[in-house]
Amino acid sequence: MKEYDFDLHIGQDYGLTYEIENGGPYDGYTAVMKIRRKPDSAEVLAVNGVIEGNRITFRMNGNDTVNNVDAKGIHQYDAFVYNDEHSLKLGFGEVNIIQDIARH
């Protein structure tokens, strides 16, 4: 499990990849990353991950952030892979959501 903080500009494409050493394959698992203002608040953005062996990649399209994110400032996120029997937390951290002026 890794802690990683990042900035997310509204309208920016963004990707985050986790590589699990000595892990996998994770066939049959689902990967999800959720961003929330506070841990107990509603999600601001949920991102499904793509699982390839022991690599899990979360990609955010800039259009998704423009259309779906109406928040700015510091948020928390965590990322998991899970199935009906197991869950593995990949990482967590803070996301600084930045509202740019242009909103391209």
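Residues numbered from 1 in each chain as written. Predicted model: local features only at pLDDT ≥ 70, side-chain atom pairs only at ≥ 80, totals over all residues. Heavy atoms only, no water.

1. Some words on the overall build of the protein chain
Using the following cut-off: Note on conventions: DSSP H or I runs of at least 4 residues are helices, E runs of at least 2 residues are strands, and numbering of each starts at the N terminus. The globule rule used here is 2.2 Å times the number of residues to the 0.38 power, and the radius of gyration it is set against is calculated over C-alpha atoms. Residue exposure (1.4 Å probe, protein chains only): buried if accessible area is under 20% of the type maximum, exposed if over 50%, otherwise partly exposed. When checking whether two residues touch, look at their non-hydrogen atoms; a contact exists if any pair is within 4.5 Å. For every accessible area listed, the method is Shrake-Rupley and the probe measures 1.4 Å; residues are considered covered only by the protein chains on display.
Helix and strand content of the protein chain: 1 helix and 8 strands. Along the protein chain, from the amino end to the carboxyl end, the secondary structure elements read β-β-β-β-β-β-α-β-β. Here the C-alpha radius of gyration of the protein chain, 14 Å, is about what a compact globule of 104 residues would show, namely 13 Å. If one aligns the C-alpha atoms of the protein chain with their principal axes, the spans along those axes are about 45 × 25 × 20 Å. The buried share of the protein chain, taken over its 104 residues, is 32%. Put simply, of all contacts in the protein chain between residues at least 6 apart along the chain, 66% involve residues at least 24 apart. Roughly 6500 Å² of accessible area belongs to the protein chain as shown, and the carbon and sulfur atoms make up 43% of that amount.

2. A look at the packing of aromatic side chains
Test applied: Only centres within 6.5 Å qualify two rings of Phe, Tyr or Trp (six-membered ring in Trp) as a pair; their planes then separate them into stacked at under 30 degrees, edge-to-face at over 60, and tilted for everything else.
All chains considered together, the criterion is met by 5 aromatic pairs. Consider the rings of Phe6 and Tyr14, whose centres lie 4.5 Å apart with planes at 10°: the pair is stacked. In this structure Phe6 comes out as buried when scored by relative accessible area, which is 6%. Classification of Tyr14 by relative accessible area gives buried; the value is 14%. Ring-pair connections join several aromatic residues into one group, and the members of that group are Tyr4, Phe6, Tyr14 and Tyr77.

3. Overview of the pattern of salt bridges
Quick reminder of the rule: Every case where a carboxyl oxygen of Asp or Glu lies within 4 Å of a side-chain nitrogen of Lys or Arg is listed as a salt bridge.
Per the counting criterion, the structure on display carries 2 salt bridges. As a salt-bridge pair, Glu19 and Arg55 come within 3.2 Å of each other at their nearest N and O atoms. Of this pair, Glu19 sits in strand E3 (residues 14-19) while Arg55 sits in strand E6 (residues 55-60), and the two are 36 residues apart along the sequence. Here Lys34 and Glu43 are joined by a salt bridge, their closest N and O atoms 3.2 Å apart.

4. Description of the nonpolar core
Stated formally: Residues enter a nonpolar core if they are buried and are Ala, Val, Leu, Ile, Met, Phe, Trp, Tyr or Cys, with the set joined through side-chain atoms within 4.5 Å.
With 24 residues, the main nonpolar core has Phe6, Met33, Phe58, Met60, Tyr77 and Leu90 as its most contacted residues. Of all the secondary structure elements, the ones that give two or more residues to this core are strand E2 (6-9), E3, strand E4 (30-36), strand E5 (43-52), E6, strand E7 (73-82) and strand E8 (87-98). Residue contacts for Met33: discarding those within four places in its chain leaves Leu16, Leu45, Ala46, Val47, Phe58, Met60, Tyr77, Asp78 and Ala79.

5. Considering the pairing of E3
In regular strands, side chains alternate between the two faces of the sheet. Heads up, the rule is: Whether two strands pair comes down to DSSP finding at least two bridges between them.
Only one face of E3 is buried, namely the one carrying Tyr14, Leu16 and Tyr18, since none of Gly15, Thr17 and Glu19 on the opposite face is buried. Two strands pair when backbone bridges link them, and E3 and E6 are joined in this way by 6 bridges, in the antiparallel orientation. Bridged to Tyr14 within E6 is Met60.

6. A word on the side chain of His75
Looking at the secondary structure, you find His75 in strand E7. Residue His75 is classed as buried on the basis of its relative accessible area of 0%. The contact partners of His75, leaving out residues within four places of it in the chain, are Ile35, Arg36, Arg37, Val44, Gly93, Glu94, Val95 and Ile97.

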